[in-house]
Amino acid sequence: MGDFNLALVIVAIVVCVVVFLFNVYLLVNYQHPDDANQAYFPKFVVVLGLSVAAISILMLPADVANRQACRHAIYNGACSLTLPMKDLWLAVYILDAVLVFFVIPFAMFYYEGDQDKSVGKRIKSALLWMVTTAIVCALVLGILYGLIGKVDFTVRHLSSSTSSFPSTWNFNSGQQCIGNTHQCSAYSSSPSSEKTWTMRTTFPEYVVALATIVGSVLFAIFGGVGIACLPLGLMFSFIRRPKAVITRSQYIKEATELGKKAKELKKAAESLHQEERSGSKGRKFRKNVKSVEKELLQLEEDVKLLEEMYPQGEKAETTWALTVLGYLAKLVLGILGFIVSVAWVAHIIIYLLIDPPLSPFLNEVFIKLDDIWGLLGTAAFAFFCFYLLLAVIAGAMMLGLRLVFITIHPMKWGATLMNSFLFNVGLILLCSISVIQFCSTAFAYYAQATAAQEIFGHTLESLRGIKYLYKYNVFQIAFVVLAGLTFVYYAAFGWRRKKPSGRFQLST
């Protein structure tokens, strides 16, 4: 067992280093050229946030492996020599909450501050906003914890009468208990024997629980939409792909129109900047800013599509071949993703929504994979958890482009500003808690007796004022319903090619 624990610690350290380096790679390649060699603090927050989100997802498979380390131990207390997973869970999720509600808002306020102001004034303004947020959050958490920060466990008091010790044992299906009875006295106790034990939860667990509720609302919306739009979006992207290279005259005509639109957007942006410096930030100003952001995003999409349809340079043929291969890869990934999405939705219905469950389904698959090779089931388990997080991100990007009240923060290779990075990292962190909670519930049979089960299974589902959301499967039902609606939407409209946007005009 000692060798297993040492190997687990080594794997955990190596995974953390790999995750950190991969996130640095993502930051360097996704960042906008305007942010090169500057905005170091927001970049540090981005790398730290992405690392915490990825590691938190990987901690559930690590928790399962940690449980297996002492499963076959022959002496009591063997599990106390394994990794302290409960303390690690609480540390990671307290850090998650601090990043989401304090550090990331501060970094965004600082980054989006008026560039004409000094660094000191920008820090002062960002700190003012962050302290205000901290005071409000502290008051809300303190009041809620003081009033309803308790867990209610429903238990049944069982008792039975005493009997003489028998000289012989003769148990069968007709006599399961001592005293020639079919049912034991404790088994046939009355419903009035049920009682409620009330205990006050710890403050860190309460913070994690409330953050999970906030994340669960977003998870039910974004995850339900994303579980369908992630694979279908890839497949319909292949269907809507450019079939052939356009002529040079067509390219010049389209490029001229895009150039005119770019000049209009530049002029509108300069006008809005002057209006902002004059102190006018009313409703009309915010509406115009959102219009400019939406049109700029559409312009970037049009430019990218035009470049795909008319590759230039000495390696134009190679570029077109890579474009075709890229769309074929999207088709293959879309088909594989569709299979995983169907498996996820089927598992939720079979194992979570139907009581009692029809089958352990994916739980049993992971256990059989573990029997084949020790880490095979754990790797498959980690993949399904990560896929769910990718579905949340895909759903957020889809709804963010279509809902008026959500700010557009697109992630683009080589063209992502730090405020968009920070917004998406905050969203990923907030939803990662709910993904772990959802996975620990969906795979309760496979992940049983883990520290995550203790935090997310027992405490969260018994928390006063919150337990009914989990008792009646509110989030799971919303997830499945939104997945079905999204599938219908893509089946009806997803195959259509997007129409060109109209000419840009500011509202007067």
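Details of the structure are given in the entry above.
Okay, so let's go over this structure. Please read these numbers as outputs of a predicted model, since none were measured by experiment.

### Focus: the overall build of the chain
Of regular secondary structure, the chain possesses 14 helices and two strands. With 508 residues in all, the chain has 40% of them scored as buried. Taking the intrachain contacts of the chain between residues at least 6 apart in sequence as the baseline, contacts between residues at least 24 apart amount to 81%. When the accessible area of the chain is evaluated, it comes to approximately 28,900 Å², of which 65% is carbon and sulfur surface.

### A short note on the side chain of Asp370
Tracing the backbone through its elements, the reader meets Asp370 in helix α9 (residues 362–372). Within the structure, the side chain of Asp370 is placed 3.2 Å from the backbone nitrogen of Gly377, a separation counted as a polar contact.

### Here we look at helix α5 (residues 203–239)
Between its first and last C-alpha, α5 extends 51 Å over 37 residues, near the 54 Å set by a 1.5 Å rise per residue. The largest bend along α5 reaches roughly 35° and is located at Gly226.

### Describing the nonpolar core
Core analysis: the biggest nonpolar cluster contains 80 residues, and Trp89, Ile227, Trp344, Leu388 and Phe443 have the highest contact counts within it. Sort the elements by how many residues they give to this core and helix α11 (residues 418–442) lands first, with 15 residues. Those residues within four positions of Trp344 in sequence are excluded, and the remaining contacts are Ile227, Phe384, Tyr387, Leu388, Phe438, Cys439, Ala442 and Phe443.

### With respect to the packing of aromatic side chains
Scanning the model with the defined rule gives 21 aromatic pairs in all. Aromatic ring contacts, followed pair by pair, group Phe219, Trp344, Phe366, Phe381, Phe383, Phe384, Tyr387, Phe438, Phe443, Tyr446 and Phe479 into a single cluster. The ring of Phe238 carries the charged tip of Arg241 above its face, separated from the ring centre by 4.1 Å.

### Quick notes on a nonpolar patch on the surface
Together, Val131, Ile135, Leu139, Ile143, Leu147 and Ile148 line one region of the surface with nonpolar side chains, adding up to about 560 Å² of accessible area. Along the polypeptide, Leu139 turns up in helix α4 (residues 119–148). Classification of Leu139 by relative accessible area gives exposed; the value is 53%.

### As for empty space enclosed by the protein
For the structure shown, the criterion picks out two cavities of 30 Å³ or more. Lining the largest cavity are Ser216, Phe219, Ser434, Gln437, Phe438, Thr441, Tyr470, Phe475 and Gln476. Of all the elements, α11 adds the most residues to the lining of the largest cavity, at four residues. Taken together, the residues of the lining of the largest cavity break down into four nonpolar, five polar and no charged.

### Remarks on a positive patch on the surface
A cluster of like positive charges, contributed by Arg283, Arg286, Lys287 and Lys290, occupies part of the molecular surface. Tracing the sequence through the fold places Lys287 in helix α7 (residues 283–309). For Lys287, a relative accessible area of 54% translates into the label exposed.

### Describing α7
Compared with the 39 Å implied by 1.5 Å per residue over 27 residues, the 39 Å span of α7 between its first and last C-alpha is a close match. Buried within α7 we find Phe285, Asn288, Val292, Glu295, Leu297, Leu299, Leu306 and Glu308. Contacts from the buried residues of α7 go to α6 (248–277) and α8 (316–353).

### Observations regarding the pattern of salt bridges
Scanning all chains against the criterion turns up two salt bridges. A salt bridge links Glu295 to Lys261, with the nearest nitrogen and oxygen atoms 3.2 Å apart. Remark: Lys261 occurs in helix α6 and Glu295 occurs in helix α7; sequence separation between them is 34 residues. Note on Glu295: relative accessible area 15%, which makes it buried. According to the relative accessible area criterion, Lys261 is buried, its value standing at 10%. One salt bridge connects Lys368 with Glu364, and the closest N-O pair in it is separated by 3.7 Å. With Lys368 and Glu364 both in helix α9 and four residues apart, this pair spans about one turn of that helix.

### Quick look at the packing of α5 against α11
Where α5 contacts α11, the two axes come as close as 7 Å, and the packing angle between them is 95°. Put simply, α5 runs roughly perpendicular to α11. Every residue of α11 that contacts α5 at Val208, Ala211, Thr212, Val214, Gly215, Ser216, Leu218, Phe219 and Phe222 is listed here: Leu427, Leu430, Cys431, Ile433, Ser434, Val435, Gln437 and Phe438. The class makeup of the residues in the contact of α5 with α11 is 12 nonpolar, five polar and no charged.

### Remarks on unusual backbone geometry
Residues other than glycine predominantly adopt negative phi, and peptide bonds predominantly adopt the trans conformation. Cis geometry is adopted by the peptide bond preceding Pro356, which originates at Asp355 and carries an omega value of 0°. Its place among the elements puts Pro356 in the loop between α8 and α9. Positive phi is not limited to glycine here, since Phe361 has a value of about 50°. By secondary structure assignment, the location of Phe361 is in the loop between α8 and α9. Taking the relative accessible area as the measure of exposure, Phe361 reaches 29% and is therefore partly exposed. Positive phi, normally seen in glycine, also occurs at Asn473, with a value near 55°.

Reading the values: the criteria
- Residues numbered from 1 in each chain as written.
- Predicted model: local features only at pLDDT ≥ 70, side-chain atom pairs only at ≥ 80, totals over all residues.
- Heavy atoms only, no water.
- Helix = DSSP H or I, 4+ residues; strand = E, 2+ residues; numbered from the N terminus.
- Buried < 20%, exposed > 50% of the residue type's maximum accessible area, 1.4 Å probe, protein only.
- Contact = heavy atoms within 4.5 Å.
- Areas by Shrake-Rupley, 256 points an atom, 1.4 Å probe, with all protein chains shown as cover.
- Polar contact = N/O pair within 3.5 Å; in protein donor to acceptor, adjacent residues only side chain to side chain.
- Expected span 1.5 Å × (residues − 1).
- Bend = angle between axes of the 7 residues up to and from the residue.
- Core = buried A, V, L, I, M, F, W, Y, C linked by side-chain atoms within 4.5 Å.
- Phe/Tyr/Trp six-rings, centres within 6.5 Å; stacked < 30°, edge-to-face > 60°.
- Lys NZ or Arg CZ within 6 Å of the ring centre and 35° of its normal.
- Patch = residues over 30% accessible without salt bridge, like charges linked within 9 Å, V, L, I, M, F, W, Y side chains within 5 Å.
- Salt bridge = Lys/Arg side-chain N within 4 Å of Asp/Glu carboxyl O.
- 1 Å grid on protein atoms, 1.4 Å probe; cavity = no way out; pocket = protein on both sides within 12 Å on 5 of 7 lines; lining within 4 Å.
- Points joined across faces, edges and corners; volume = space filled by probe spheres on them.
- Nonpolar A, V, L, I, M, F, W, Y, C, P; charged D, E, K, R; others polar.
- Lys, Arg positive; Asp, Glu negative; His and termini not counted.
- Charge placed at Lys NZ, Arg CZ, Asp CG, Glu CD.
- Axes fitted to C-alpha atoms, helices over the stretch in contact; angles between N-to-C directions.
- Parallel < 35°, antiparallel > 145°, perpendicular 65-115°, else oblique.

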